[in-house]
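What the coordinates show
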Amino acid sequence: MCRNDSTSISDFPAKCHDEMKPNIDSYLKTIPDFPRPGVQFRDISPLLADPDGLCLAVDTLEARVKDLSFDVLCGAESRGFVFAAPIARDLHKGLILIRKKGKLPGKTIEVDYDLEYGSAGLELEEGLIKPGQRVLIVDDLLATGGTAKAMCELVTKAGGVPVSLLVLIELEGLSGREKVAPVPVYSAISYRGK
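What comes next is a walk through the structure. (Residues numbered from 1 in each chain as written. Predicted model: local features only at pLDDT ≥ 70, side-chain atom pairs only at ≥ 80, totals over all residues. Heavy atoms only, no water.)

A short note on the overall build of the protein
For the protein, the helix and strand inventory stands at 6 helices and 9 strands. Residues classed as buried in the protein amount to 42% of the 194 residues present. As presented, the protein carries roughly 10200 Å² of accessible surface, and 52% of it is formed by carbon and sulfur atoms. (Helix = DSSP H or I, 4+ residues; strand = E, 2+ residues; numbered from the N terminus. Buried < 20%, exposed > 50% of the residue type's maximum accessible area, 1.4 Å probe, protein only. Areas by Shrake-Rupley, 256 points an atom, 1.4 Å probe, with all protein chains shown as cover.)

Comments concerning the pairing of strand 7 (residues 134–142)
Taking burial as the measure, the 9 residues of strand 7 include 7 buried ones, the bulk of the element. By the bridge criterion, 4 bridges tie strand 3 (residues 72–76) to strand 7 in an arrangement that is parallel. In the strand pairing of strand 7, Cys74 is matched with Ile137. As judged from the 8 bridges shared by strand 7 and strand 8 (residues 161–171), these two strands associate in the parallel manner. Bridged to Leu142 within strand 8 is Glu170. Traced from strand 7 through helix 5 (residues 146–157) to strand 8, the parallel crossover comes out right-handed. (Pairing = 2+ DSSP bridges. Right-handed = clockwise from strand over helix to strand, strands pointing away.)

Describing the environment of Asp50
Along the polypeptide, Asp50 turns up in the loop between helix 2 (45–49) and helix 3 (51–64). One polar contact links the side chain of Asp50 to the main-chain amide nitrogen of Asp52, over a distance of 2.8 Å. (Polar contact = N/O pair within 3.5 Å; in protein donor to acceptor, adjacent residues only side chain to side chain.)

Digging into the pattern of salt bridges
For the coordinates displayed, the defined rule picks out 7 salt bridges. A salt bridge links Glu170 to Arg177; its shortest N-O distance comes to 2.7 Å. Since its relative accessible area comes to 4%, Glu170 is described here as buried. Connected through salt bridges with shared partners, the residues Lys101, Glu110 and Asp112 form a single ionic network. (Salt bridge = Lys/Arg side-chain N within 4 Å of Asp/Glu carboxyl O.)

Here's the deal with the sheet that holds strand 5 (residues 108–115)
One open sheet accounts for 7 strands, arranged 5-6-4-3-7-8-9; its pairing is mixed. Either end of the sheet is taken by a strand with one partner, and the two such strands are strand 5 and strand 9 (185–191). The average angle at which neighbouring strand axes cross in this sheet is 20°, direction not considered. With 5 bridges connecting them, strand 3 and strand 4 (residues 94–100) associate as parallel partners. Its bridge partner being in strand 4, Val72 is matched across the sheet by Gly94. Together, strand 3, strand 4, strand 5, strand 6 (118–125), strand 7 and strand 8 form the strand contacts of helix 5, whose direction differs from that of strand 5 by roughly 155°. (Axes fitted to C-alpha atoms, helices over the stretch in contact; angles between N-to-C directions. Contact = heavy atoms within 4.5 Å.)

In structure tokens:
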């Protein structure tokens, strides 16, 4: 059953885990030198494949924003969808999908941004974010912050107010948090390196 707006997340016990089970880091696999030398790739696939790991991740992310006031969530394609959907359901909030450019029919709002070797675009369906709505943006990873900054710009361009970026993993060594400032960042787990 979906929670209603009068029910706080703190009114519910953790659904899937207890203090004796492993932490999020224990479900992740680190792959050295991928996609290039010096990068430690944090693979979330084992976490998603394990029901306890997935529940732990969702519960932890929900706990990070339990005191945050927001109206709707935006999930980032594609792994952000995985976390945004159960959080939206649990908190009885709507979910708006931020897609890669060219994936949505009809009228869209778009933002282009630079990547390390090129450019990309993000879009969302026009009219889904109402003027002044407070938006929580959800993704799996915050690294250099280019995509996160573009998502904040997209929400603003759509008339919303990005109140926070919620991510499973933050790579602190890449300073992505500074790129999205003043939007606050909440993460379930962070690593100092790349």
